[in-house]
Amino acid sequence: METEKLNWTGQKNEDDLYKETEQWKSSLKFADNAILFVERLLNSYVFEPDTPNLFEWLQNHKIRLHRVRAAKKRNSRRN
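Residues numbered from 1 in each chain as written. Predicted model: local features only at pLDDT ≥ 70, side-chain atom pairs only at ≥ 80, totals over all residues. Heavy atoms only, no water.

Which residues make up the overall build of the chain, and what values go with them?
Looking only at helices and strands, the chain has two helices and zero strands in total. Approximately 7300 Å² of the chain is accessible, and the part contributed by carbon and sulfur atoms is 55%. (Helix = DSSP H or I, 4+ residues; strand = E, 2+ residues; numbered from the N terminus. Areas by Shrake-Rupley, 256 points an atom, 1.4 Å probe, with all protein chains shown as cover.)

Given below as structure tokens:
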């Protein structure tokens, strides 16, 4: 029964699914850390508000990162 393929997995056994799940978890954690780094960078005063175009570009990314964080929180509550 250990080597028997599960019908709902489409030819994957439990060990393969576990490994794949762990890889996804690792990738999501890495992405979360990258978002946190960029968020902190964008919130620092390295970039002065009077720099033309750069400030608007950074503000746009801050807004987009905030939306990603909010979506992540909503999705994590569902699970």
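Once the structure has been displayed, the description carries forward.
Explain helix α2 (residues 54–78) residue by residue, including any values.
With 25 residues, α2 should cover 36 Å at 1.5 Å per step; its first-to-last C-alpha distance of 37 Å lies within 8% of that length. Listed as buried for α2 are Leu58, Leu65 and Arg69. Structurally, α2 contributes buried residues whose contacts are with α1 (14–43). (Expected span 1.5 Å × (residues − 1). Buried < 20%, exposed > 50% of the residue type's maximum accessible area, 1.4 Å probe, protein only. Contact = heavy atoms within 4.5 Å.)

Account for the side chain of Asp32, naming residues and giving values.
Inspection of the secondary structure puts Asp32 in helix α1. The exposure class of Asp32 is buried, given its relative accessible area of 15%. Every residue in contact with Asp32, bar those within four places of it in the chain, is listed here: Arg69 and Lys72.

So what about the pattern of salt bridges? Which residues, and what values?
For the structure on display, the rule yields four salt bridges. Ionic pairing is found between Asp32 and Arg69, a salt bridge with its closest N-O pair at 2.7 Å. Placement of Asp32 in helix α1 and of Arg69 in helix α2 is noted, with a sequence separation of 37 residues between them. Classification of Arg69 by relative accessible area gives buried; the value is 18%. A salt bridge links Lys72 to Asp32, with the shortest nitrogen-to-oxygen separation between them at 3.6 Å. Highlighted residues: Lys72 in helix α2 and Asp32 in helix α1, separated in sequence by 40 residues. By relative accessible area, which is 42% here, Lys72 ends up partly exposed. (Salt bridge = Lys/Arg side-chain N within 4 Å of Asp/Glu carboxyl O.)

Got a sec to walk through a positive patch on the surface? Specific residues and values, please.
Together, Lys73, Arg74, Arg77 and Arg78 make up a region of like positive charge exposed at the surface. Secondary-structure assignment places Arg77 in helix α2. Assessed through its relative accessible area of 64%, Arg77 is described here as exposed. (Patch = residues over 30% accessible without salt bridge, like charges linked within 9 Å, V, L, I, M, F, W, Y side chains within 5 Å. Lys, Arg positive; Asp, Glu negative; His and termini not counted. Charge placed at Lys NZ, Arg CZ, Asp CG, Glu CD.)

Go over a nonpolar patch on the surface with me, naming the residues and quoting the values.
On the surface, Phe37, Val38 and Leu41 cluster together into a nonpolar patch covering about 260 Å² of accessible area. Tracing the backbone through its elements, the reader meets Leu41 in helix α1. You can call Leu41 partly exposed: its relative accessible area is 33%.

Please give an account of the packing of α1 against α2 that cites residues and values.
Taken N-terminus to C-terminus, the directions of α1 and α2 make an angle of 140°; their axes are 10 Å apart at the nearest point. Here α1 and α2 pass one another in a crossing that is left-handed. Mapping the contact onto sequence places Asp32, Ile35, Leu36, Val38, Glu39, Leu42 and Asn43 in α1 and Leu58, His61, Lys62, Leu65, Val68, Arg69 and Lys72 in α2. Its residues placed into classes, the contact of α1 with α2 shows seven nonpolar, two polar and five charged. (Axes fitted to C-alpha atoms, helices over the stretch in contact; angles between N-to-C directions. Left-handed = near helix turned anticlockwise from the far one by under 90°. Nonpolar A, V, L, I, M, F, W, Y, C, P; charged D, E, K, R; others polar.)

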